[in-house]
Amino acid sequence: MTEPRKLVIAIDGPAGAGKSTIASRLARKLGYVNLESGAMYRALALKAIMNDISFDDADALLLLAEKSKIELQPQIDGNRVLLDTEDVSRRIRERDVTEAASRVSVHPAVRAWMVARQRDMGVNGGVIMEGRDIGTVVFPNADLKVFLDADPTVRAERRIEQVQAKDPAAAKALVDDLKRRDQRDATRTASPLAPAADAIVLDSSKLGIDDVMARITELIAERTAAAAHE
Ligand code: C5P
């Protein structure tokens, strides 16, 4: 019997909906690679900060991207991110880079550069890519598209827990950051955050991680069976 074809799975949704957790668990379960597209925008944003380039200067940002080597190395619990061979995995999660990533990602030219690289990473299948535009733009023909959503309050609480923000001021700043980023991601002209027409929308505020995993595993089994008959 021939091996089943390895699928391309797109997981999109807003920050804090649980995409990374689900993508890395699924990848482990299926023997696929999980790729965090947001980490690429973060790496470019970090390089813009280091080179003192305006987040509004689309031309300079594209030039910067073209001179950069951004690599995602899937690990058991997320991606190791290399920027020009330097490991920036931790630095890109900091607050200034998070904000900058959402600003550099509004530019169509920057997005086109990212999308071309992201498509290359998926050519052989066996990929779970998470982000904001994976099902709509990067892999419009993905075998499975999941849009993972959750109430803004639930997402904010998860973030507060994740970074262990202790005092109320730090927690409030996190909530404000998340709202601003949501607003920018959802209202930008180029590839705004939205479910693809054929995405399965799952609301993780009402479902635990195990429930989401179970539902997606079912969907993958269906799609794998369908792919075997192609
Ligand atoms: O997913 P993550 O929070 O790491 O993404 C950081 C930022 O990168 C997002 O707020 C969003 O503005 C941008 N992004 C994007 N398209 C993607 C992934 C991330 O615009 N596919």
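Up top you'll find the structure we're talking about.
Residues numbered from 1 in each chain as written. Predicted model: local features only at pLDDT ≥ 70, side-chain atom pairs only at ≥ 80, totals over all residues. Heavy atoms only, no water.

Now for the site of the ligand. Among the 16 residues in the neighbourhood of the ligand, the closest are listed as R42, R111, D133, R181 and D185. Between the ligand and the protein, one listed contact pairs an oxygen atom with a side-chain N or O atom of R188 at 2.8 Å. In the complex, the protein chains occlude 96% of the 450 Å² of accessible area that the ligand would expose alone. At the level of elements, helix 2 (37-50), helix 4 (95-104) and helix 8 (168-187) are the ones that each hand at least two residues to the shell around the ligand. Top contributing element to the shell around the ligand by residue count: helix 2, with four residues. For the shell around the ligand, the per-class residue count stands at three nonpolar, five polar and eight charged. (Near = heavy atom within 4 Å. Polar contact = N/O pair within 3.5 Å; in protein donor to acceptor, adjacent residues only side chain to side chain. Areas by Shrake-Rupley, 256 points an atom, 1.4 Å probe, with all protein chains shown as cover. Helix = DSSP H or I, 4+ residues; strand = E, 2+ residues; numbered from the N terminus. Nonpolar A, V, L, I, M, F, W, Y, C, P; charged D, E, K, R; others polar.)

A few words on the side chain of R132. With respect to the helices, strands and loops of the structure, R132 is situated in the loop between strand 6 (127-131) and helix 6 (134-138). Accessibility expressed as a relative area gives 15% for R132, which makes it buried. (Buried < 20%, exposed > 50% of the residue type's maximum accessible area, 1.4 Å probe, protein only.)

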